[in-house]
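Now for the letters of each chain:
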There are 4 protein chains.
Amino acid sequence: MKIAGVFAALTTPFAPDGGVSLADFKTNLRRYDKTGLAGYLVAGSTGESALLSDAEWESVLAAAIEVAAPGKILFAGTGVESTAETIAKTKRAAALGYPAAIVKTPHFYKPSYKPDVLIAHYRRVADASPIPIFLYSVPQLTGVTLEAPEVAALASHPNIIGIKDSSGHVQRIVEMVAAVPSDFHVVVGSASTLYPSLAVGARGGVLALADVLPEKCVELYDLVSQNRHEEARKLQLLLQHAWKTCLAFGSIGTVKYAMDFAGYHGGIPRLPLPELGEAQKEIARQAFAPLMAGTPIQTAGAARS
Amino acid sequence: MKIAGVFAALTTPFAPDGGVSLADFKTNLRRYDKTGLAGYLVAGSTGESALLSDAEWESVLAAAIEVAAPGKILFAGTGVESTAETIAKTKRAAALGYPAAIVKTPHFYKPSYKPDVLIAHYRRVADASPIPIFLYSVPQLTGVTLEAPEVAALASHPNIIGIKDSSGHVQRIVEMVAAVPSDFHVVVGSASTLYPSLAVGARGGVLALADVLPEKCVELYDLVSQNRHEEARKLQLLLQHAWKTCLAFGSIGTVKYAMDFAGYHGGIPRLPLPELGEAQKEIARQAFAPLMAGTPIQTAGAARS
Amino acid sequence: MKIAGVFAALTTPFAPDGGVSLADFKTNLRRYDKTGLAGYLVAGSTGESALLSDAEWESVLAAAIEVAAPGKILFAGTGVESTAETIAKTKRAAALGYPAAIVKTPHFYKPSYKPDVLIAHYRRVADASPIPIFLYSVPQLTGVTLEAPEVAALASHPNIIGIKDSSGHVQRIVEMVAAVPSDFHVVVGSASTLYPSLAVGARGGVLALADVLPEKCVELYDLVSQNRHEEARKLQLLLQHAWKTCLAFGSIGTVKYAMDFAGYHGGIPRLPLPELGEAQKEIARQAFAPLMAGTPIQTAGAARS
Amino acid sequence: MKIAGVFAALTTPFAPDGGVSLADFKTNLRRYDKTGLAGYLVAGSTGESALLSDAEWESVLAAAIEVAAPGKILFAGTGVESTAETIAKTKRAAALGYPAAIVKTPHFYKPSYKPDVLIAHYRRVADASPIPIFLYSVPQLTGVTLEAPEVAALASHPNIIGIKDSSGHVQRIVEMVAAVPSDFHVVVGSASTLYPSLAVGARGGVLALADVLPEKCVELYDLVSQNRHEEARKLQLLLQHAWKTCLAFGSIGTVKYAMDFAGYHGGIPRLPLPELGEAQKEIARQAFAPLMAGTPIQTAGAARS
C-alpha cells in the first residue's frame, strides 16, 4: 500500500431534523471524486465523529464506501477512548471494505497516557486489526502528542503504516521523517503547514481545507512534487490566509460554511459546536473568495447562494 | 436541595472477563453506606465513564440506585460531547431516580468551546433536564476550564445548582464563591486542595480519594465545620502526601490499587488505562499505609491482601 | 530570626524627570511605618528592580534602611541572572544593613535551569552570603518554578531560611509546608491566595497589595492568627475582588495607581511598563474604593486626587 | 541594507579567572571570517548577554568590530528590559560602528507586555536608534511571543527592517512572510527549522549551531537558493539530529562544548548555566562527529582535544 497526495478529511452534513444527511454527504463525495484528491478520511475529527452515535458513524462509513470512485483511497476514523472499542470499530471498518484506518490517540485520561501506554495501546489495536492503521496525533484537540520516538517505536509494527500528524509543528515532521523507515507514511493534518511539511518529507496531507479547496491543495502538492518550490510557497501563503479564519472561528463551522460558499453541502455543525455569526461569515467569505475566483467551484458556489 | 459534605467519586470495578462487575460495585457501596459520606457520584471521570458503553453506564447507574442507603445523595455523571446526547443521558438518570446530575464540559473541539459556547451548552442541558445539574470543570482531563464569570452567568439558571471544580486552583474557588449566590453549591473535586477549598467557602468535596479513605475525608470536612483549622491543616498534609502518588502514577489505577489495599474492590482499570507496576505499588502502599493504621479499613485491607 | 506577618513589596516611585524619587519613596515608607506591617521587601519585582540601574537599586536600598522604623524587618531583593552578580548584590545589601535577602530564581536560560541547577545556584549564593536568604519563586514572571522537593533540599542549608512563593497555587504551599522543617519560613507572595495559604500553614505574606491596603492585609493575617476563619474568608473575598483588577491590567501600574488613590505616592511605572488607561483607572477606583471607605486611607486619597 | 544568508550567534568565551576572554573570542571570529557566513550576532542570547556586565558587553562588541572581516555584517544584541536602557545600548552599538541591532522583547513583566505595549516599546527604540533594528522573538527564553500582526504593524516603521524569530514554529514564519513588505527581513533563529523556514520564505538564519558547523549551515542555505530542496532536506535531518542534543542539554553549554570539539574556543558557560556532564559530552560527541567528518573542522577539533 503506497499512499501519497492530498486527502480530504470529510465533514458530515446534517439534515434539517438534526440527523446525518447521507444524501448531502454522497453528493459532496461525487464532486470530490472528480478532483485530483487521492482519497478521503471518513468520520475523522472533521467529520464530527465525537458527536456521532455508533449507528451514525457506521452509516457514514457505509455511504462513503458505496459512492467513492474506485481509484480513491478511503480511510476510516476509528479511534475512540477505549482500546477494546477502538478495535471493534476498526474491525467494523474493515468489514465495510476500508483498506486502512486512522486511529487518533486516546486522550481523556491524559495524565495516564505516557508514551509507553500509548505505544501499548497502538500495538494492541494493530495486533487485532485486519487492516493496516495510521497513528493520528492532534494535540490541539486531545492534549496528547505523539513524538518521534513513539512513532519510531510503533513504525516497526507491520500493521502500522503511517501517521497523520496534525500538531502543526514542522519540526516534528522533520524528526519523524528522520526516525522512521522510508516506507512509513508521514502525512500532515494541518493546512497551515502543508507546504513546509511536504518540503521536509511528508508524503501528503489529510486536510479539512481540502473539503473547500480540493484542487488548490492538490495543486500545492503537485508543485512540490515537481520541485517548483517558489510557486508552492506562494500558494501556501494564499491557503494560509484563508485557513487562519477557520482556526480563529472554530474549524468545523468555518469549513462547513466555506463549503456552502464553494457549492458543496456544508451546513451547520452539531451542538455544542457553534455556527458562524454574520460578521464571521463575512470575514470567511472575504478570506476564501480570492481562492475560488475564476474556477468552476466559484460558479457552483454563486449558484447556490 | 441542600448539599454539603464529602462525596465519593466512585470507581467502576471490572470482572475478570473485562465486563463491569456490578457485584463488586454494590459490595463497595454497601461499605461506603456505613461511613459518614454524604453521597456518591456514579459514572463520573473516576468511574471510567469515558471507557464504558452506554449499556454499561446505565447498568452502573441502576445498581447504585438499587443499593445506596436512603440518606445518601446520588449524582449521575451525564456529560458527554454532544449536547443532545448529554440531555438524553441526563433524562435517563432522572428516570432512574437520580436527584441531580454532574455534567462535565464538552471538550474534544476545545478551540471552539469559548465561554459563550459553553454557557449556551449548559443552558440547553439545564432547560431540558428534569433534574437539577451541577457544572463540572476538570481542565487536567479536558483542557477546558470554567472560570468564575461563566459560572456566575450560569448560576442564575434555576436548574443549575452548583459546580464541581476539579482544577486544583484554590484561587478559582475563592472567585467562584465570591461570584455566585449563597445558595449555589461550589464543591471541590481535588483532594490536593480539599482543606483550603473548604476554608475559602466550598461546601464539600466530590473526591476519588474518598473511595480509599472515606472516613479521613469526612473527618477533615468535620474539622473545618467545627472551626478546628489547625487539625484540619495537619490532616490535609497527610492526605496530600498519599494523594500525590495517585497523581504521579495515574489517579484511577492508583485509587483502585489503594482500594484493594483498604479492603474494597478496586481491581484494575480498563485499557488503555495502565495498571500500576510493582515498584509503583510499593510506593503507593507506603504512602497510604499510615492513613489506614488502626482503623477498621486497615484490618479489612490486611485480610484481603 | 523569626519572621511572620505581612510585608509590603514596595514600589519604586519615579520623579517627573524619570529618575527614582527617593523623597516619595521615603514618604511612603514613613506612612507604612505607622501600620501593622511586619516589614518590607525593597527592590523586588514590584519595586521594578528589573528596570533599575545598579546605582538606582542601591540608592533605594539605602533609603529604606535610613527611614524604616526600628521594629520593621527589611528584605532586599538581590536576585539577578548571574550567580556572581547575585552574590555581589547580596553582599552589598548586607553591607547596607539588611538582615536578609530575597533571591528570585534566575530565569532567562530557563531550559537549562533544571532543579539541580537551581539548587546549585542557591547553595552558592547562600554559601557566599553574609546574611540569610529567602528563595523566591514567581513563575508568572520568570517561567521557572521552585517545587517542594527543591525547596526541601535547600531548606537544609543553614543560611537559607525561607521561601517566598508567588506562584498562586495553594497546593504548592501545602506541599512545601509539609516538606520543610518547622523553622523554615514559607511565605506567600500572591494576594489572591493569602487567606488559604495562611490557613494551610504559610507564616505570612510579602505582597504588592499591602502597598495599597496595608491594614486590610494585616487584619486578614490577624484574623487567621485568632482562628477567626469565617471572617478571614470574607475579607479575602473583598481583597480578591480588588486584586483581580491588578492582575488584569498589569500589577505594577495598577498598584501604583491605587496607591495614588489611597494617598501614597504611586505614580507611573517605568517604560516599557504601561500606565493605566482612563477606563482601567475607573474600574480600579471602583474595585478599591469599598476597601478604603471610612478609613484614614480614604481621606488621604480623596485629599490627593 | 540587504541581508541574507547564515549568521552565527556568537558565544562569549570566558577565561579561567571567570572574566571574558576577548582573545579567544577574536580567535574564533578570525576563523569564522574564512567561512561563508554572512555575518555575526554579537552579545545575543547565545552570547550570554544576560550574564554579562555592561562593561563586558561593550568589550565584546568592540572586539568584534575590531576583528571581523570587512564583508561580514555585524549585529549587536541590545535588547534589555527597560526601554531607556535598550535605547542607550543601541546608541552605544551604533557609536561602536554596528550597522544594525537585534532587539529582543522585554519579558520580565510579561503579563503586562500585551501586543500594543510591545509595539510601543519597539517604536520608541526605533525612533531613538541611529541604526536600523531587528525585532527578536524567542519565547522559549522570554515567555513573550511576537506574532505576525505585531510584526506587520512594526514593519511599517522605517527604522525596523526585520525580525529574528526563534520560536521554532514554521507556521509563524509563513504568517510573517505573508504579512510584511517584501523588503522586510524575516530570519529564523532556530536550527531545528532552518530548512523549512528558508523554504517558506525566510531570508536567512541567525544560529547558535553556526558557531559549531558554519559551513554546513551555509551549505544548507545555498542548497535552498539553488532550489535543491531534496538535498537541503537531507542535510536538515543531519543538523537536526545534532541540534537536538543541544536542546536537551541546554543549548549554550552544548554549543560551547561542541565548539571545543570542532576546534574553536568554546569553554564553559558562566554560572548558573551548567556545563555538560561526562555522559552528556559523550552523547554530544557522537551527535556532532558525523557532521565534522572529513572536514578541516574535524582536524582542528582533533588537534585540540
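A.B. asks: Whenever I open this one, the pattern of salt bridges confuses me. Can you help?
C.D. replies: Between side chains of opposite charge, pairing is possible as soon as their charged atoms come close. All names here are of chain A. Under the definition given, this model contains 52 salt bridges over all chains. We note a salt bridge from Lys-89 to Asp-54, for which the minimum N-O separation is 2.9 Å. A residue pair is termed long-range when its members are at least 10 positions apart, and Lys-89 in helix α3 (residues 83–96) and Asp-54 in helix α2 (residues 54–67) qualify at 35 residues. Judged by relative accessible area, which is 48%, Asp-54 ranks as partly exposed. For the salt bridge of Lys-234 with Glu-230, the shortest nitrogen-to-oxygen distance reads 3.9 Å. Of the two residues, Lys-234 and Glu-230 are both situated in helix α11 (residues 229–249); the distance of four residues between them amounts to about one turn of the helix. Beyond isolated ion pairs, a larger network of salt bridges with shared partners links Asp-54, Glu-85 and Lys-89.

A.B. asks: Can you walk me through the relation of the copies chain B and chain C in this structure?
C.D. replies: Copy one and copy two of the chain differ by a rotation about a common axis and a shift along it. In the superposition of chain B on chain C (RMSD 0.0 Å, axial shift 0.1 Å), the rotation amounts to 180°. Overall, the copies show the geometry of a two-fold rotation axis. Minimal C-alpha distance to the rotation axis in chain B is attained by B:Pro196, lying at 2.6 Å. The fraction of interface residues of chain B whose copies in chain C are also interface residues reaches 100%, indicating that both copies meet through the same surface.

A.B. asks: Help me understand the side chain of C:Asp33, please; the structure alone is not making it clear to me.
C.D. replies: Residue and element names in this part refer to chain C. By the element assignment, Asp-33 lies in the loop between α1 (22–32) and β2 (39–42). One buried charge, Asp-33, has no salt-bridge partner; the nearest side chain with opposite charge is Lys-72, at 5.4 Å. In contact with Asp-33, other than residues within four places in its own chain, are Tyr-40, Val-67, Ala-68, Ala-69 and Lys-72.

A.B. asks: Looking at this structure, I do not really get the interface of chain B and chain C. What am I missing?
C.D. replies: When the parts of a complex come together, some accessible area is lost, and that lost area is often taken as the interface size. With 23 residues of chain B at the contact, the number on the chain C side is 23 residues. Carbon and sulfur atoms make up 63% of the area that chain B and chain C hide from each other, which totals about 1900 Å². Linking chain B with chain C are eight residue pairs in polar contact (both at pLDDT 80 or more), by the criterion used here. Of all elements in the fold, only α7 (170–179), α8 (194–199) and α11 (229–249) of chain B reach the threshold of two or more residues within the side of chain B that touches chain C. The element best represented in the side of chain B that touches chain C is α11(B), accounting for seven residues. Residue composition of the side of chain B that touches chain C, grouped by class: ten nonpolar, ten polar and three charged.

A.B. asks: What's the story with helix α11 (residues 229–249) of chain C in this structure? I'm lost.
C.D. replies: Think of an α-helix as 3.6 residues a turn; residues three or four steps apart then line up on the same face. Residues and elements named next belong to chain C. The terminal C-alpha atoms of α11 lie 30 Å apart, and with 21 residues this matches the ideal 30 Å at 1.5 Å per residue to within 8%. Remark: the principal bend of α11, roughly 25°, maps to Ala-242. A positive phi of about 100° marks Gly-250, the residue just after α11.

A.B. asks: Is there a simple way to think about the sheet that holds strand β6 (residues 160–165) of chain C in this case?
C.D. replies: What holds strands together in a sheet is hydrogen bonding between their backbones, with the strands either parallel or antiparallel. Residues and elements named next belong to chain C. Strand order in the closed barrel made by the eight strands is β1-β2-β3-β4-β5-β6-β7-β8, with parallel pairing throughout. Within this sheet the neighbouring strands show an average axis-to-axis angle of 25°, counted without direction. Strand contacts of helix α4 (residues 115–128): β4 (100–104), β5 (133–137) and β6, with the helix running at about 155° to β5, the strand carrying the most contacts.

A.B. asks: Help me understand the arrangement of the chains, please; the structure alone is not making it clear to me.
C.D. replies: If you take every C-alpha in chain A and every C-alpha in chain C, the smallest gap between them is 18 Å, and the two do not touch. Contact between chain B and chain D is absent, and the minimum C-alpha spacing across the pair is 18 Å.

A.B. asks: For this particular structure, what's the right way to read empty space enclosed by the protein?
C.D. replies: Rolled over the atoms, a probe with the dimensions of a water molecule shows which regions are left empty. Residue and element names in this part refer to chain C. Scanning the entire structure with this criterion turns up four cavities of 30 Å³ or more. Roughly 50 Å³ of internal volume is contained in the largest cavity. Along its surface, the largest cavity is lined by Leu-10, Thr-11, Phe-25, Asn-28, Leu-29, Tyr-32, Asp-211 and Met-259. Counting residues per element, the lining of the largest cavity draws most heavily on α1, at four residues. When the residues that make up the lining of the largest cavity are grouped by side-chain class, the tally is five nonpolar, two polar and one charged.

A.B. asks: For this particular structure, what's the right way to read the environment of D:Asp260?
C.D. replies: Looking at the secondary structure, you find D:Asp260 in helix α12 (residues 251–262). In terms of polar contacts, D:Asp260 uses its side chain to reach the backbone amide nitrogen of D:Gly266, at 2.8 Å.

A.B. asks: What should I look at first to understand the relation of the copies chain A and chain B in this one?
C.D. replies: With an RMSD of 0.0 Å, the fit of chain A onto chain B corresponds to turning through 180° and sliding 0.0 Å along the axis. Residue by residue, 100% of the interface of chain A is reproduced at the interface of chain B, so both copies engage with the same surface.

A.B. asks: Explain the interface of chain A and chain B here, please?
C.D. replies: The interface of chain A with chain B comprises 32 residues on the first partner and 32 residues on the second. A per-residue breakdown of the area chain A buries against chain B is headed by A:Phe108, A:Tyr109 and A:Pro272, which together make up 27% of the total. Along the contact surface separating chain A from chain B lie zero salt bridges. On the surface where chain A and chain B come into contact, there are six residue pairs in polar contact (both at pLDDT 80 or more). For the side of chain A that touches chain B, the elements supplying multiple residues, two or more each, are α4 (115–128), α5 (139–142) and α12 (251–261) of chain A.

A.B. asks: Where do I start with the packing of aromatic side chains in this structure?
C.D. replies: In this description, a pair of aromatic rings is defined by centroid distance and the angle of the planes. Across all of its chains, the model carries 20 aromatic pairs over all chains by this definition. Taking the centre distance of 4.6 Å and the plane angle of 20° together, the rings of A:Tyr32 and A:Tyr264 count as stacked. Taken together, the residues A:Tyr32 in helix α1 (residues 22–32) and A:Tyr264 in the loop between α12 and α13 (278–292) connect sequence positions 232 residues apart. With relative accessibility at 1%, the residue A:Tyr32 sits in the buried group. By relative accessible area, which is 2% here, A:Tyr264 ends up buried. Ring centres of C:Phe75 and C:Phe134 lie 5.1 Å apart, and the angle between their planes is 70°; this geometry places the pair in the edge-to-face category. Of the two residues, C:Phe75 is situated in strand β3 (residues 73–77) and C:Phe134 in strand β5; the sequence distance between them amounts to 59 residues. By the burial criterion, C:Phe75 is buried, and C:Phe134 matches it. By way of ring pairs, the aromatic residues A:Phe7, A:Phe75 and A:Phe134 are connected into one cluster. The aromatic ring of B:Trp57 is capped on one face by B:Lys89, whose charged end is 4.7 Å from the ring centroid.

A.B. asks: Please explain the environment of C:Ala191 as it appears in this structure.
C.D. replies: Residue and element names in this part refer to chain C. As for its placement among the helices and strands, Ala-191 is situated in the loop between β7 (185–188) and α8 (194–199). By relative accessible area, which is 5% here, Ala-191 ends up buried. In this structure the C-alpha to C-alpha distance between Ala-191 and Leu-209, which are 18 residues apart in sequence, comes to 6.5 Å. Ala-191 has contacts with Leu-207, Leu-209, Gln-236 and Trp-243, leaving out every residue within four places of it along the chain.

A.B. asks: How do you make sense of the pairing of β3(C) when you look at a structure like this?
C.D. replies: A regular strand carries its side chains on alternate faces of the sheet. All names here are of chain C. For β3, the tally of buried residues reaches five of five residues, placing the bulk of the element in the interior. Of the strand pairs in this sheet, β2 and β3 are connected by four bridges, and their pairing is parallel. Bridge assignment links Val-42 to a residue of β3, and that residue is Ala-76. On the question of chirality, the crossover connecting β2 to the parallel β3 by way of helix α2 (residues 54–67) is right-handed.

A.B. asks: I tried to follow the sheet that holds strand β1 (residues 5–9) of chain D on my own but got confused; where do I start?
C.D. replies: With parallel pairing, eight strands are arranged side by side around a closed barrel as β1-β2-β3-β4-β5-β6-β7-β8 (chain D). Going from strand to strand, the sheet's axes swing by 25° on average, the running direction of each strand aside.

Conventions and cut-offs
- Residues numbered from 1 in each chain as written.
- Chains lettered and ligands numbered in written order.
- Predicted model: local features only at pLDDT ≥ 70, side-chain atom pairs only at ≥ 80, totals over all residues.
- Heavy atoms only, no water.
- Salt bridge = Lys/Arg side-chain N within 4 Å of Asp/Glu carboxyl O.
- Helix = DSSP H or I, 4+ residues; strand = E, 2+ residues; numbered from the N terminus.
- Buried < 20%, exposed > 50% of the residue type's maximum accessible area, 1.4 Å probe, protein only.
- Least-squares fit on C-alpha atoms with pLDDT ≥ 70 in both.
- Contact = heavy atoms within 4.5 Å.
- Lys, Arg positive; Asp, Glu negative; His and termini not counted.
- Buried area = accessible area lost by both parts, 1.4 Å probe.
- Polar contact = N/O pair within 3.5 Å; in protein donor to acceptor, adjacent residues only side chain to side chain.
- Nonpolar A, V, L, I, M, F, W, Y, C, P; charged D, E, K, R; others polar.
- Expected span 1.5 Å × (residues − 1).
- Bend = angle between axes of the 7 residues up to and from the residue.
- Pairing = 2+ DSSP bridges.
- Axes fitted to C-alpha atoms, helices over the stretch in contact; angles between N-to-C directions.
- 1 Å grid on protein atoms, 1.4 Å probe; cavity = no way out; pocket = protein on both sides within 12 Å on 5 of 7 lines; lining within 4 Å.
- Points joined across faces, edges and corners; volume = space filled by probe spheres on them.
- Phe/Tyr/Trp six-rings, centres within 6.5 Å; stacked < 30°, edge-to-face > 60°.
- Lys NZ or Arg CZ within 6 Å of the ring centre and 35° of its normal.
- Right-handed = clockwise from strand over helix to strand, strands pointing away.

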